[in-house]
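Structural characterization, general
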2 protein chains.
Amino acid sequence: MTKREQILEVAEELIAENGFEATSVRSLASKAGINVAMISYYFGSKEKLFEALVEYRAGFLREKFQTLNKEVEDPLLRMEQMIDAYVDRIFSHHRFHRILHRQMMSTKSTVSNENILNILLKNAGEVKKMIQDGEQKKVFRKVDIEFTIAMLIGTISQIAVSCLLTSRIVGVNPNTESIHDEQYKVRAKIFLTNLMRTHLTGK
Amino acid sequence: MTKREQILEVAEELIAENGFEATSVRSLASKAGINVAMISYYFGSKEKLFEALVEYRAGFLREKFQTLNKEVEDPLLRMEQMIDAYVDRIFSHHRFHRILHRQMMSTKSTVSNENILNILLKNAGEVKKMIQDGEQKKVFRKVDIEFTIAMLIGTISQIAVSCLLTSRIVGVNPNTESIHDEQYKVRAKIFLTNLMRTHLTGK
DNA sequence: CAATACTAAACAAACGTTTAATTTAAACAA
DNA sequence: TTGTTTAAATTAAACGTTTGTTTAGTATTG
């Protein structure tokens, strides 16, 4: 791992925890064990460090979804595998996705936010294709596709990102971080799969 | 409206737009047309202003949900009215709920966050009662109640709060703010009602 | 020896908060 | 109604920190 990546990993951790604005370059440098000036040296500015972080982590899901759209024909099976991959990815990179979704709650359209928006829109586009194809194949009934995608994103975010609330609702042990609990993840997958099957097929 | 409330309204607007950390007391005072010192004078500190804001807006939904639980017997009808009230409230106070849900994405447990958490947990408790009662009356089938609530919260947040993304997915005119579009709200209600009915009854 | 990596120190700007002085508003007595 | 008193409301200015960034100089490395 290069020093640059090392800084990005620490940045992800701190920004996920405290938010972008509340994360100072000094705390970042301190945690990464480097000099403050290195952030400007490597990235130019704090803002550009953030953009670099987005570049660093993005694109994984879209590639996976595109593969699924090409290689799995059965709409229901494909949907299950999509949920499986989606939940896996978000749980394994929950910090980054917390940053993404927190940023999407902003109303300001900065350069970084436009980047994030494009990444998520492409992912959404692949999911849309899945549902449309299933509808065309008469496996899925007609649903509000756009709101279905919003529901999917919103639910996963709520479960994996907004865990301060959800872990309390679900009542998991607050000592063990729910996001690292394998059982919690499996339960999320089962819930989402059942929900989407019922919603899309009516059965 | 008192001066105090006037400050709270402006605070809500700015914090919803830029986040708590990124909202300076000076920009707040400027927009409210008051002196910076008035914030300390009325609230003591920036942090306490935030707590005052939470107090100022909280509690509305819980009272509504409690009334529904007492007065409406049919589980399905009650669920529909709950969704109706929930969506109405969040759309009419979308700025405040953006603040709430952004804060719930944090991992830090400050005094303010504990306040927010308690408010939302009480709301969730009322929804839980609704689902449990419907289950007992054999109108609803057995579902993962906790995750169902998380799905409900997550979906509404996604639709109403994270509108930078969702309005693009849904494809509404970005000129007209979707949150103020009556049709968008109606569509959200229809979607959620259908989704929950199918999910809870299997029909 | 030249280029890259790194550091400590300083920079101006912005932050939340406090101070001390001033204006405003209400209450009271003549 | 008038002038006086008193407390609340409001102000401009300054406080000490902390912010992101830059500079100028020092190690390190190929």
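The preceding data block contains the structure.
Owing to the predicted nature of the structure, the values given are computational and were not obtained by experimental measurement. The written sequence of each chain sets the order in which its residues are numbered from 1. A letter from A marks each chain and a number from 1 marks each ligand, given out in the order of writing. pLDDT decides what is reported in this predicted model: residues at 70 or higher carry local features, side-chain atom pairs at 80 or more are listed and counted, and totals for whole chains, interfaces and linings draw on all residues regardless. In computing side-chain properties, one takes all heavy atoms of the structure into account and sets aside hydrogens as well as water.

**Considering the overall build of chain A**
- Runs of E in the DSSP output that reach at least two residues are strands. Runs of H or I that reach at least four are helices, and both are numbered from the N terminus. Check the secondary structure of chain A and you find 11 helices and 0 strands.
- Each helix and strand of chain A, placed in order from N terminus to C terminus, yields the pattern α-α-α-α-α-α-α-α-α-α-α.
- Its C-alpha atoms give chain A principal-axis dimensions of roughly 60 × 35 × 35 Å.
- Summary of the burial criterion: residues with accessible area below 20% of their type's maximum are buried, those above 50% are exposed, and those between are partly exposed, where the area comes from a 1.4 Å probe applied to protein chains only. Within chain A, buried positions represent 55% of all 203 residues.
- Residues count as neighbours in contact if any of their non-hydrogen atoms are within 4.5 Å of one another. Long-range pairs, those at least 24 residues apart, make up 68% of the contacts in chain A between residues at least 6 apart in sequence.
- Here, Shrake-Rupley sampling with a 1.4 Å probe gives the accessible areas, and only protein chains in the shown set may cover a residue. Element-wise, carbon and sulfur atoms account for 47% of the exposed surface of chain A, whose accessible area totals about 9100 Å².
- Only four residue types enter the tally: Lys and Arg on the positive side, Asp and Glu on the negative side, with His and both chain ends excluded. Working definition for charges: the position is that of NZ of Lys, CZ of Arg, CG of Asp or CD of Glu. Both charge centroids of chain A, one from 29 positive and one from 25 negative side chains, sit 2 Å from each other.

**A look at helix 11 (residues 182-201) of chain A**
All names here are of chain A.
- Over its 20 residues, helix 11 extends 28 Å from the first C-alpha to the last, a length consistent with the 28 Å expected when each residue adds 1.5 Å.
- In the analysis that follows, any N or O atom pair within 3.5 Å is treated as a polar contact, provided that within protein one partner can donate a hydrogen and the other can accept it, and provided that, for residues neighboring in sequence, both atoms belong to side chains. Residue Asp181 occupies the N-cap position of helix 11, its side-chain oxygen lying 3.0 Å from the main-chain nitrogen of Gln183.
- Downstream of helix 11 by a residue or two, Gly202 has a phi angle that is positive, lying close to 80°. Expected helix span is computed as 1.5 Å times (number of residues minus one).

**So, the relation of the copies chain B and chain A**
- Each copy is superposed on the other by least squares, with the fit set by C-alpha atoms of residues at a pLDDT of at least 70 in both. In the superposition of chain B on chain A (RMSD 0.0 Å, axial shift 0.0 Å), the rotation amounts to 180°. Each copy turns onto its partner about a two-fold axis. Closest to the rotation axis within chain B is the C-alpha of Gly154 of chain B, separated from it by 2.2 Å.
- By residue overlap, the copies meet face to face through one surface: 100% of the interface positions of chain B are interface positions in chain A.

**Observations concerning the protein's contact with DNA strand C**
- Think of it this way: one heavy atom of a residue within 4 Å of a molecule or strand is enough to make that residue near it. Neighbouring DNA strand C are 16 residues, the closest being Tyr41 and Tyr42 of chain A together with Val25, Arg26 and Lys46 of chain B.
- Here a phosphate oxygen of DNA strand C and a backbone polar atom of Asn35 of chain A are 3.2 Å apart.
- Measuring from a phosphate oxygen of DNA strand C, one finds a side-chain N or O atom of Tyr42 of chain A at 2.7 Å.
- Residue contributions to the surface near DNA strand C peak at 4 residues, all from helix 3 (residues 37-43) of chain A.

**A few points about unusual backbone geometry**
- The phi dihedral of Lys138 of chain A falls on the positive side, at around 65°, and the residue is not glycine.
- Secondary-structure assignment places Lys138 of chain A in the loop between helix 8 (111-136) and helix 9 (145-160).

**Looking at helix 4 (residues 46-57) of chain B**
Residues and elements named next belong to chain B.
- Over its 12 residues, helix 4 extends 17 Å from the first C-alpha to the last, a length consistent with the 16 Å expected when each residue adds 1.5 Å.
- Listed as buried for helix 4 are Leu49, Phe50, Ala52, Leu53, Val54 and Arg57.
- Count one or two residues on from helix 4 and you reach Gly59, which has phi positive near 95°.

**Looking at the packing of helix 9 (residues 145-160) of chain B against helix 10 (residues 163-170) of chain B**
Residues and elements named next belong to chain B.
- Two numbers describe how helix 9 lies on helix 10: the axes approach to 6 Å, and their chain directions differ by 80°. By the angle class used here, helix 9 and helix 10 are roughly perpendicular. Seen from helix 9, the contacting residues are Gln158, Ile159 and Ala160; seen from helix 10, they are Cys163, Leu165 and Thr166. Whenever a helix is involved, its axis is fitted only over the stretch in contact; in every case the axis is a line through C-alpha atoms, and angles between N-to-C directions fall within 0 to 180 degrees. Each angle receives one of four descriptions, namely roughly parallel if under 35 degrees, roughly antiparallel if over 145, roughly perpendicular if within 65 to 115, and oblique otherwise.

**Overview of the environment of Gly154 of chain B**
- On the secondary structure map, Gly154 of chain B appears in helix 9.
- What makes Gly154 of chain B buried here is its relative accessible area of 2%.
- Separated by 53 residues in sequence, Gly154 of chain B and His101 of chain B place their C-alpha atoms 9.3 Å apart.
- Here Gly154 of chain B is in contact with Gly154, Thr155 and Gln158 of chain A, once residues within four sequence places are set aside.

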